[in-house]
Amino acid sequence: MTDNDTVLVIEDGVYAALTANAALFSDIPESCRLFALEADVSARGLTDKLNSRFTLATDEQFVELSCKMNKVVSWF
């Protein structure tokens, strides 16, 4: 990742956003924005367990981020 990149974790990927997994993101520049899809976080009961670097994103924000970014890369 480089400065000003954005990551949005969805589905079971939201487990990576837990505070317990903060080390996974320790090398990511502070200028990068990290999001977790709110519906997926809520469905798994993880709202109060997220790494503080992550911001919850609504479905509408998911679409907005996807349209705004120059490249979108998905891993399944």
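Residues numbered from 1 in each chain as written. Predicted model: local features only at pLDDT ≥ 70, side-chain atom pairs only at ≥ 80, totals over all residues. Heavy atoms only, no water.

## What to know about the pairing of strand S2 (residues 33-37)
- The buried fraction of S2 amounts to 4 of the 5 residues, a majority that puts the element mostly inside the structure.
- With 4 bridges connecting them, strand S1 (residues 6-9) and S2 associate as parallel partners. In the sheet register, Val 9 faces S2, and the bridge partner there is Ala 36.
- Read from S2 through helix H1 (residues 38-43) to strand S3 (residues 54-57), the crossover connection turns out right-handed. (Buried < 20%, exposed > 50% of the residue type's maximum accessible area, 1.4 Å probe, protein only. Helix = DSSP H or I, 4+ residues; strand = E, 2+ residues; numbered from the N terminus. Pairing = 2+ DSSP bridges. Right-handed = clockwise from strand over helix to strand, strands pointing away.)

## Some thoughts on the nonpolar core
- Judged by nonpolar contacts, the single largest core of 14 residues is most densely connected at Val 9, Val 14, Ala 17, Leu 34, Ala 36, Val 41 and Phe 54.
- At the level of secondary structure, the elements contributing two or more residues to this core comprise S1 and S2.
- Leave out the neighbours within four places in its chain, and Val 41 touches Val 14, Ala 36, Leu 46, Thr 47, Leu 50 and Leu 56. (Core = buried A, V, L, I, M, F, W, Y, C linked by side-chain atoms within 4.5 Å. Contact = heavy atoms within 4.5 Å.)

## Describing the side chain of Asp 40
- Assignment of secondary structure puts Asp 40 in helix H1.
- Owing to a relative accessible area of 14%, Asp 40 belongs among the buried residues under this scheme.
- Side-chain polar atoms of Asp 40 contact the backbone nitrogen of Glu 11, separated by 2.6 Å.
- Setting aside chain neighbours within four positions, we find Asp 40 in contact with Ile 10, Glu 11 and Val 14. (Polar contact = N/O pair within 3.5 Å; in protein donor to acceptor, adjacent residues only side chain to side chain.)

## Some points on unusual backbone geometry
- Residues other than glycine seldom take positive phi values, yet Asn 4 does so here, at roughly 70°.
- Residue position: Asn 4 is located in the segment before S1.

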